[in-house]
Amino acid sequence: MSPHIRLSRYAPAVLVLPLTALTLSGCGGTGSAAAGDDKVVTVYSADGLKGERGNGWYDEQFEAFERETGITVKYVEGGSGEMVQRTEREKNNTQADVLVTLPPFIQQADSKGLLRGYAPEGAAHIPESERPADGHYTPLVNNYFGFIHNTEKLPKPPETWDELLSKKYEGKLQYSTPGVAGDGTALLIKAIHDFGDRKRAMDYLGALQKNNVGPSSSTSKLAPKVDKGELLVANGDVQMNYAQAETMPHLGIFFPAAKKGAKPTTFALPYTAGLVKGGPHTENGEKLLDFLLGERPQREVSSVGGGFTVRDDIEARDDQAEELAALMKGVEVFRPDWEEVAGDLDSYLSGWKRATGS
């Protein structure tokens, strides 16, 4: 039976999430890399694609890959920034073979010389605009930035950023830490876009700080707090939050607009993979990327993972794909200049810290 989606009558960009969507992992930074075994591949990844109960997209694809190849996947998880930092620290004793993060952290990893070029099988079916010419990284699962609200205590979510400044959100709002979590950094990007420039965005986030609970290194840890009503609003992303709803029935996704009467906005935030330069099992890393971009795994991105395929030759027709398409209807999708964001990331973060006193 397909899960039931109920769109809020208050805003076309709100999704009340189904009980039967797939839950994904919310852990932050566990695991250890493998060494001395030719039949392993080590993946450092941002959280969101692995299931708490072993039913996420990573779980199913890694298991299928191991059956097909005999290569064991060793998995290490954390925030996007955390995974890049760990890979950089290990540069003289590289442990990871594959790095998966949200942008702009994959671009940051490449600028630090951590990645090597490789064009996986299936990459030709990804639009050229979504992958660099040197082939140093490749999208795996498409995704979009969003916010979540408690549908029981806050059935009508805020339509604009300004509504979040209301006193009723004091101590009931939290977003993950920019620079550490990919979705936290994404919040800065959306704010700068919606407010029109960096100064106005930082001024707003400074004003919002009176309602903000405080830092969180993992975006996925915010969803349980929203579901329980400890928080009314938090940031997130469509794929992860849609999937978490199996065990968190009070989550709803929304996209605040820049101002009253404007369209809600978001942008693509794909899980993006690169081969780590000097990895101990590079050939196995290549095999894993080939596998994950294959037709069957990409067809299961929506039905198993709650995300969107990155291949333009695949049109998913499962119930989850249709629900996700309905969620995005009426939402204006803009495209950040990821190279510019990666290059200016340090100044974005320092500006945010000054504005919020973080």
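Calculation notes
Residues numbered from 1 in each chain as written. Predicted model: local features only at pLDDT ≥ 70, side-chain atom pairs only at ≥ 80, totals over all residues. Heavy atoms only, no water. Buried < 20%, exposed > 50% of the residue type's maximum accessible area, 1.4 Å probe, protein only. Helix = DSSP H or I, 4+ residues; strand = E, 2+ residues; numbered from the N terminus. Contact = heavy atoms within 4.5 Å. Core = buried A, V, L, I, M, F, W, Y, C linked by side-chain atoms within 4.5 Å. Axes fitted to C-alpha atoms, helices over the stretch in contact; angles between N-to-C directions. Parallel < 35°, antiparallel > 145°, perpendicular 65-115°, else oblique. Left-handed = near helix turned anticlockwise from the far one by under 90°. Nonpolar A, V, L, I, M, F, W, Y, C, P; charged D, E, K, R; others polar. pLDDT = per-residue confidence, 0-100. Phe/Tyr/Trp six-rings, centres within 6.5 Å; stacked < 30°, edge-to-face > 60°. Salt bridge = Lys/Arg side-chain N within 4 Å of Asp/Glu carboxyl O.

Chemist: Any details on helix α9 (residues 295–305)? Residues and values, ideally.
Modeler: If you check which residues of α9 are buried, you get Pro297, Gln298, Glu300, Val301, Ser302, Val304 and Gly305. For α9, the elements touching its buried residues are α1 (57–69), β7 (138–141), α7 (238–244), α8 (282–292) and α10 (319–328). A positive backbone phi angle near 70 degrees is found at Gly306, which sits one or two residues after α9.

Chemist: Would you mind going over the nonpolar core in detail, with residue names and values included?
Modeler: Core analysis: the biggest nonpolar cluster contains 75 residues, and Leu99, Leu205 and Val233 have the highest contact counts within it. Ranked by the residues each element gives to this core, the list is headed by helix α4 (residues 182–195), at seven residues. Counting residues in hydrophobic clusters, the runner-up holds 18 residues, among them Tyr144, Val226, Tyr242 and Phe308.

Chemist: Outline the packing of helix α5 (residues 198–208) against helix α11 (residues 338–356), listing residues and values.
Modeler: Following both chains from N to C, one finds α5 and α11 inclined at 40 degrees, their axes separated by 8 Å at the closest point. With respect to α11, the axis of α5 lies oblique. Judged by the twist between their axes, the crossing of α5 over α11 is right-handed. Residue-level inspection shows Arg198, Met202, Leu205 and Gly206 of α5 in contact with α11, the latter providing Asp344, Ser347, Tyr348, Gly351, Trp352, Ala355 and Thr356. For the contact of α5 with α11, the per-class residue count stands at five nonpolar, four polar and two charged.

Chemist: Lay out the confidence of the model for the protein with the relevant residues and their values.
Modeler: For the protein, per-residue confidence averages 89 on the pLDDT scale, and 90% of positions sit at 70 or higher. Predicted confidence is poor over residues 1–35, with pLDDT under 50, and the contacts of this stretch with residues over four places away or in other chains come to 124 contacts.

Chemist: Lay out the packing of α1 against α8 with the relevant residues and their values.
Modeler: Think of two packed helices as two axes; the pair is described by the angle between the axes and how far apart they sit. Contact geometry for α1 and α8: axes closest at 11 Å, N-to-C directions at 120 degrees. By the angle class used here, α1 and α8 are oblique. At the point where α1 passes α8, the crossing takes the right-handed sense. In this structure, α1 contributes Trp57, Gln61, Phe62, Ala64, Phe65 and Glu68 to the contact, and α8 contributes Asn284, Lys287, Leu288, Phe291 and Leu292. Its residues assigned to classes, the contact of α1 with α8 shows seven nonpolar, two polar and two charged.

Chemist: Which residues make up the packing of aromatic side chains, and what values go with them?
Modeler: Using the criterion set out here, one finds 16 aromatic pairs in the structure. Seen in terms of ring centroids, Tyr58 and Phe62 are 4.7 Å apart; in terms of plane orientation they differ by 15 degrees. Their pairing is stacked. One end of the pair is Tyr58 and the other is Phe62, both in helix α1 and four residues apart, which spans about a single turn. Here Tyr58 and Phe62 have matching classes, each one buried. Geometrically, the ring pair formed by Tyr144 and Phe308 is edge-to-face, given 5.1 Å between the ring centres and 85 degrees between the ring planes. On the criterion of sequence distance, the pair formed by Tyr144 in the loop between β7 and β8 (145–150) and Phe308 in the loop between α9 and α10 is long-range, its members being 164 residues apart. The rings of Phe145, Phe147, Trp161, Phe195, Tyr204, Phe254, Phe267, Phe334 and Trp338 are connected pair by pair, giving a single aromatic cluster.

Chemist: Residues and numbers for the environment of Gly306, please.
Modeler: Position of Gly306 relative to the elements: it lies in the loop between α9 and α10. Excluding residues that lie within four positions of it along the chain, Gly306 makes contacts with Gln239, Tyr242, Val301 and Leu324.

Chemist: Pulling in residues and values, what's your account of the pattern of salt bridges?
Modeler: Counting across every chain of the model gives 17 salt bridges. Here Glu130 makes a salt bridge to Arg335, at a shortest N to O gap of 2.7 Å. Linking Glu130 in the loop between β6 (115–116) and β7 with Arg335 in the loop between β14 (332–334) and α11, this pair joins segments that are 205 residues apart in sequence. Look at Glu130 and you get partly exposed, because its relative accessible area is 34%. Ionic pairing is found between Lys287 and Glu283, a salt bridge with its closest N-O pair at 3.9 Å. With a gap of four residues between them, Lys287 and Glu283 both fall in helix α8, about one helical turn apart. Overall, Lys287 belongs to the partly exposed group, its relative accessible area being 37%.

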